[in-house]
Every structure is written in structure tokens, then in C-alpha cells.
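Now for the letters of each chain:
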Amino acid sequence: MSESFTKGMARNIYYGGSVFFFLIFLALTFHTTKEMPERDNRQNITESVERGKHLWEKNNCIGCHTLLGEGAYFAPELGNVFQRRGGEAGFKMFLNGWMKAQPLNIPGRRQMPNFHLNDQEIDDLAEFLKWTSEMDINGWPPNIEG
Amino acid sequence: MNTLKYQSQAVAKPYFVFALILFVGQILFGLIMGLQYVVGDFLGGAIPFNVARMVHTNLLIVWLLFGFMGSAYYLVPEEAETELYSPKLAIILFWVFAAAGVATILGYLLVPYSTLADFTFNELWPTMGREFLEQPTITKLGIVVVCLGFLFNLGMTILKGRKTAINMVLMTGLIGLAVFFLFAFYNPTNLALDKYFWWFVVHLWVEGVWELIMGAILAYVLIKITGVDREVIEKWLYVIIAMALISGILGTGHHFYWLATPEYWQWVGSIFSAIEPLPFFAMVLYAFNMVNRRRREHPNKAATLWALGTAVMAFLGAGVWGFLHTLAPVNFYTHGSQITAAHGHMAFYGAYAMIVMTIISFAMPKLRGIGEANCNRAQVREMWGFWLMTVSMVFITLFLTGAGVLQVWLQRLPESGEALSFMATQDKLAIFYWMREVAGVFFLLGLIAYISSFWVKEKAQA
């Protein structure tokens, strides 16, 4: 780098640039949180959804699955599993049967543990996944397989 | 033989040693998970995948934190030209952090996660069960306490000593690390908000303040091994971290494409994260430039190799592999696929694992009283470790990228009805996962070579 560009100038670009862009980031964050009620389906958060989210966290579901594309890549995406596995008509029955059938014990197949949830808990989990699937997330994923 | 400029730098040694022990653990659990990808029921009853993954990623985070802390305790006194404010505090905090870390990992391994949550009163302030932030709330509080004590100790040291650019940048990075970690305590029911602010920890760490830490450590080692004028190196440091923050802060937007957020993030995130490779490219130019302009022949060739290697691998892993899937129209298809895993592996290894091993390579001979550098035989062994691990990581990344491309092709690109299901797709990727596992075994061999280099001595003269 040329001698006329001094360390002091570089330092000022660092401080000025990062403060400037951090302020823009904060402003956009403020705007985004104002916009989110239109998209994040928060009006449908019930106590059941809330309990479902706690169960989701308490059993470390994110350790194998993705949810809206984030998590581990070992097991299927669950952000849209509500639509993929039966929707309004069949999802709750599907999930109840699925959770109780674990572990499948198919030799060589990836194993999902049995988390010993009762019917009420499985219902709460289903409500959480249903609520999540009804968020407006700009059209992701590209197809039903997640 | 005493080879330290400031005696209190010695507190760095347990931090480095413990970091490397955890690193070995991380790799062992990585191999278990890699095998579970293809032999699904391997150890399924004893160590379910979610547990192995949690141990793998948490060990990574914790060993890097130990590495950063060790680096700071080593370089801050020398830069400030004064002894550390309180070596005793540093050692107490080492034991607190090590005990909390070991207890948490044992908790993951010995009891079901839900039992650990109950046992640690997660329901009082639920913060568990989110990717990378799986630690019990009490452990998170412990991390905050350790960070505060650590920052206090360093801050007092810098206050009474010389304030170099390297010290100030390192300190800014470490304070940022502590401040952004506080978002780990915010866990609203609304998943969209939860995820939005979760990225304030995850993204603003690895694509923000950690880059300051990496830049400062690299600058310090380059000054020491090349003897190039501090003014020149610090000027480069400012330019690089300026680019890193100017691109990386708004680059956070690349996580807000598909998250109940306004569409403008697709533009903001794409444009700014497209610039994110630049600071890493500048780091490559700078590291090679400084080594070529060196004014002394430092006997520690291995440290020089690590310094050049971390710059190159960070550019490839964080820069190139990050850019590969960061543009919104591409990310629509690759989000949450094996492409993400490929990028994550090379970026963390290249930028953060390697920078910690750079300073360990430089500092350990002095901390152990050997002198400026290890004997030639030990350095050759260490360089074997470098090349085996680095080349293996390149292959791990290539195989995961292959898996990811095929996954996108089979599962994401076709229409609903035509696309293969997730599990059916995974079966088709098995060959890539097997090759990744083989590359992982070679990585472990490299790690063994690297660790064993600490015991290699010069052959006795006949």
C-alpha cells in the first residue's frame, strides 16, 4: 500500500465504516421488527403453540432436523412438515402415530429416538409445527419436500 | 530455560493445552456422526445423532474460546509491555470455565437432554434447545461471568500499559464477543423473532467480531515472525477489519431471506455478503506479502506455515464457499443443504481452528521453555499434521459439496411430486458420505501427528 495512505486513515475508515453500517443495521432491524407482525403469524400463537415450542427445544429436535432451513441436516425439514404429512385433515394423527412408533429399529436406517411424549404433548408439538408452517417466509422451501 | 518476555504470559499454557484436548474430542465425535450418516443405527441407543452433534459443535465453540483466551493472555502483556493485571484470576477462571465445560459435555452425554433441561431449571428461563446455544442457562451464565473476569483482567492490563492497534482491535473483538453473546438469553415464543436475534450471536460472532480476533492474532504473529515494521502491519490490519465489518454487519441479511422478514433483505444480504470474501482475500495478499518482505529468518517455520495456511483456508472456506451459496436466488435452493455443511467445515477450520493453531505453534515453544522454536524434527512432524489435516479438510469440503449439489438436484430443483423425499435423497448421497468419513479418518491421523509433535525431541548426538 502506498505511503500516502497512512495507518491513521485506515483506522478512521475502520471506526467510521463499522459504526455507520452498524447504525444502518440497527435501523433496518427496527423496521423489520415493525413489519414482522404482518408476516410471522403471531396472532395465532396460542398457549399450546408456546408449550409446543418448549417441547421442541427441550428435546433438542434441532440436533437432527432443520426448521426453516436451520439446524442439523441429518433429518427432514420440519417447517412445512404440517403440509407434507396430512395438513389439517391428517397431520395430528400422523404425528401421534409417528412419535409413538419410534425407534423404528430398521437395521442401518437413521434412528429417531422415542421421546416418551404423552398425547397432550404431541398435540402441542403439532400445534407448534402447524403455526410455524403458516408463517410467510417469502416462498421457501422450493417444494413440499423441504 | 526461561524464554518468556513477561512471566505472566505463562497463564496461556493451560488454555492452549486444554483447547487441544477438546479439539481431539470434537474430531472423535465428528467421526461418530459421519458414520451415523451412512450407518444410521451406529451407537443409536448410546449416543443419538443429536447428542453427538451437540458435543461436536459445542466442543468446537468451547475450544476456540479457550484458544482465543489463551491467545489474549499470551499476546496482550507483550503488546502492552507490562505484566498481566492478575495471573491468579486468569488461572481461577481457567478452572471455572474448564469445570463448567466438562460438566456440560458430560450432561449432554450421560442423561437425556430433556432431563438435563429439568435438572438445570430451564423452565425458569428457557434458553436451551437452539442450535449452538444448547448449553443449560446456568452454563450460559457461567460463560458470561468468565468473559467478564477475562475482559476485566485484560482491560486493566492494557490500561496500565502500551495501547497498540493490535491490543485495541483484539479487545474490541473480545468485548463484541461478550456483548453479542447476551442475545443468547433472549428466547421469545415467536420463532421468527427468536431466529432473528439468534443470528446476533451466531453471525455477528463468526462473520463479525471473531474476524477482529483472528486479524489481531495474525497481525501479532506476522510482526514476530517476519520482523516487518509494525506500522505497515497495523495499517493492513485496519484495512482488513474495516472491510470485514463493513461487509459482514449488513451481510447478516443473508440469514434473513426466508424468515418472515421484508424482501429487501434479499438485496441487502446478497450485495453485502458478496463483498465478504474481500477481507479474506486481502488477508491472503497481506500474509504472503509480509512473509516475502521478512527482515529476519525466524526459526519457527511451522508457525509461518500455519499463518499462511490460515489466511488461504479462511479465504477458501469462508470467502469462496460462503459466496457459493450466499446470493438469494441460489440460496433459495441450497439453504439448509449439505452445501451449508461444506461451507461450515472449511470456514471454521480455516479461519478459527487454524488461527488458534498458528499462535499455539508460535507461543508453545516459549511457554514450554524450549526457546524460539521447536527442534527441526518436531517442526517436521507438526508440518505433517498441518498438511494432513488441511488436505483432509479440503476433501471433506469437496465431498460434502458433491453431496450438496446432488441433494439440490434431486430434492430441491424438481417440482412437488417430482422431487425425491429427504430420506430417499440421503440414500443417493451415501457414496459422498462414505468418502467424507474416510477423509475424516485422515484428518484424525493428521491431528495425531500434530499432537504427537509436542513430544518429538532432537535425536541425541552420537
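How each quantity is defined
- Residues numbered from 1 in each chain as written.
- Chains lettered and ligands numbered in written order.
- Predicted model: local features only at pLDDT ≥ 70, side-chain atom pairs only at ≥ 80, totals over all residues.
- Heavy atoms only, no water.
- Helix = DSSP H or I, 4+ residues; strand = E, 2+ residues; numbered from the N terminus.
- Rg over C-alpha atoms; globule rule 2.2 N^0.38 Å.
- Contact = heavy atoms within 4.5 Å.
- Lys, Arg positive; Asp, Glu negative; His and termini not counted.
- Charge placed at Lys NZ, Arg CZ, Asp CG, Glu CD.
- Buried < 20%, exposed > 50% of the residue type's maximum accessible area, 1.4 Å probe, protein only.
- Polar contact = N/O pair within 3.5 Å; in protein donor to acceptor, adjacent residues only side chain to side chain.
- Axes fitted to C-alpha atoms, helices over the stretch in contact; angles between N-to-C directions.
- Parallel < 35°, antiparallel > 145°, perpendicular 65-115°, else oblique.
- Nonpolar A, V, L, I, M, F, W, Y, C, P; charged D, E, K, R; others polar.
- Phe/Tyr/Trp six-rings, centres within 6.5 Å; stacked < 30°, edge-to-face > 60°.
- Lys NZ or Arg CZ within 6 Å of the ring centre and 35° of its normal.
- Buried area = accessible area lost by both parts, 1.4 Å probe.
- Salt bridge = Lys/Arg side-chain N within 4 Å of Asp/Glu carboxyl O.
- Core = buried A, V, L, I, M, F, W, Y, C linked by side-chain atoms within 4.5 Å.
- pLDDT = per-residue confidence, 0-100.

A. Representation of the overall build of chain A. Within chain A, the regular secondary structure consists of five helices and two strands. Tracing chain A from N to C terminus, the helices and strands come up as α-α-β-β-α-α-α. Here chain A has a C-alpha radius of gyration of 22 Å; the compact-globule value for 146 residues is 15 Å, and the former is much larger. Overall size of chain A, expressed as C-alpha extent along the three principal axes, is 70 × 40 × 30 Å. Residue pairs in contact within chain A that sit at least 24 positions apart in sequence constitute 54% of those at least 6 positions apart. Averaging the positions of the 15 positive and the 18 negative side-chain charges in chain A gives two centres separated by 5 Å.

B. Main features of the overall build of chain B. Assigned secondary structure in chain B consists of 16 helices and zero strands. Relative to the compact-globule value of 23 Å for 462 residues, chain B shows a C-alpha radius of gyration of 22 Å, a close match. Dimensions of chain B along its principal axes, counting C-alpha atoms only, are 70 × 50 × 45 Å. The proportion of buried residues among the 462 residues of chain B is 67%. Of the contacts made within chain B by residues no fewer than 6 positions apart, 81% connect residues no fewer than 24 positions apart.

C. Molecular detail of the side chain of B:Asn300. Residues and elements named next belong to chain B. In this structure, Asn-300 sits in the loop between α10 (277–292) and α11 (301–324). Asn-300 sits in the buried class, given a relative accessible area of 2%. Within the structure, the side chain of Asn-300 is placed 3.0 Å from the backbone oxygen of Ser-361, a separation counted as a polar contact. For Asn-300, the contacting residues outside a window of four places in its chain are Ser-361, Phe-362, Pro-365, Glu-372, Ala-373 and Gln-379.

D. Layout of the packing of helix α9 (residues 264–275) of chain B against α10(B). Residues and elements named next belong to chain B. As a packed pair, α9 and α10 sit with axes 4 Å apart at the nearest point and diverge in direction by 0°. In terms of orientation, α9 and α10 fall into the roughly parallel class. Of the residues in α10, those in contact with Ser-273, Ala-274 and Ile-275 of α9 are Pro-277, Leu-278 and Pro-279. Tallied by class, residues from the contact of α9 with α10 come to five nonpolar, one polar and no charged.

E. The arrangement of the packing of aromatic side chains in detail. According to the stated counting rule, one finds 62 aromatic pairs over all chains in the structure shown. Ring centres 4.8 Å apart and planes at 50° place the aromatic pair A:Tyr14 and A:Tyr15 in the tilted group. Taking the centre distance of 6.4 Å and the plane angle of 90° together, the rings of B:Trp210 and B:Phe348 count as edge-to-face. Residue B:Trp210 is located in helix α7 (residues 191–226), and its partner B:Phe348 is located in helix α13 (residues 338–367); the two are separated by 138 residues in the primary sequence. Members of the aromatic cluster, each reached through a chain of ring pairs, are A:Phe22, A:Phe25, B:Phe180, B:Phe183, B:Tyr186, B:Tyr196, B:Phe197, B:Phe200, B:Phe256, B:Tyr264 and B:Trp265. The cationic tip of B:Arg53 hangs over the ring face of A:Tyr73; the distance from NZ or CZ to the ring centre is 6.0 Å.

F. Layout of the interface of chain B and chain A. Listed by partner, the interface residues are 86 residues for chain B and 69 residues for chain A. Carbon and sulfur atoms make up 64% of the surface buried where chain B meets chain A, a total of about 6800 Å² over both sides. Counting the surface chain B buries against chain A, the share from its top three residues, B:Thr189, B:Lys235 and B:Tyr238, is 10%. Here chain B and chain A share six salt bridges between them. Salt-bridge contacts for A:Arg39 lead to B:Glu263; the nearest nitrogen and oxygen are separated by 3.4 Å.

G. Representation of the pattern of salt bridges in the model. As enumerated under the stated definition, the model contains 24 salt bridges over all chains in all. Close ionic contact of A:Glu134 with A:Lys130 constitutes a salt bridge, the shortest N to O distance being 3.3 Å. Of the residues examined, A:Glu134 reaches a relative accessible area of 35% and is grouped as partly exposed. Judged by relative accessible area, A:Lys130 falls into the buried class, the value being 18%. Connected via shared salt-bridge partners are A:Lys7, B:Glu79, B:Arg230, B:Glu231 and B:Glu234.

H. View of the nonpolar core. Residues and elements named next belong to chain B. If you look at the biggest cluster of nonpolar residues, it comprises 205 residues, and the most contacted ones within it are Phe-66, Phe-68, Tyr-73, Trp-205, Trp-210, Tyr-286 and Tyr-450. For this core, the element with the most residues is α7, which contributes 27 residues. Not counting residues up to four positions away in its chain, the partners in contact with Tyr-73 are Gln-9, Val-11, Ala-12, Tyr-15, Leu-84, Ala-90, Leu-93, Phe-150, Asn-153 and Leu-154.

I. Local environment of the environment of B:Tyr196. Relative to the assigned elements, B:Tyr196 resides in helix α7. Sequence separation between B:Tyr196 and B:Thr252 is 56 residues, and the spatial gap between their C-alpha atoms is 9.8 Å. If sequence neighbours within four positions are ignored, B:Tyr196 has contacts with A:Thr29, A:Thr32, A:Met36, B:Phe256, B:Leu259, B:Thr261 and B:Trp265.

J. The environment of B:Ser270, seen in detail. Residues and elements named next belong to chain B. Looking at the secondary structure, you find Ser-270 in helix α9. Judged by its relative accessible area of 10%, Ser-270 is buried. There is a polar contact of 2.6 Å between the side chain of Ser-270 and the backbone oxygen of Gln-266.

K. Region of interest: the confidence of the model for chain B. Per-chain confidence: chain B averages 97 in pLDDT, with 99% of residues scoring 70 or above. Under the prediction, the complex receives an ipTM of 0.97, its pTM being 0.97.

L. Highlighting unusual backbone geometry. For the bond from A:Gln102 to A:Pro103, the omega torsion is -10°, close enough to zero to count as cis. Within the element layout of this structure, A:Pro103 appears in the loop between α4 (87–101) and α5 (119–133). Here A:Trp140 and A:Pro141 are connected by a cis peptide whose omega angle stands at -5°. Here A:Pro141 is to be found in the segment after α5. Notably, A:His116 is not glycine yet its phi reads approximately 55°, a positive angle. Relative to the helices and strands, A:His116 resides in the loop between α4 and α5. Using a relative accessible area of 69% as the deciding quantity, one classes A:His116 as exposed. Positive phi, normally seen in glycine, also occurs at B:Phe132, with a value near 70°. Here B:Phe132 lies in the loop between α4 (113–119) and α5 (137–160).

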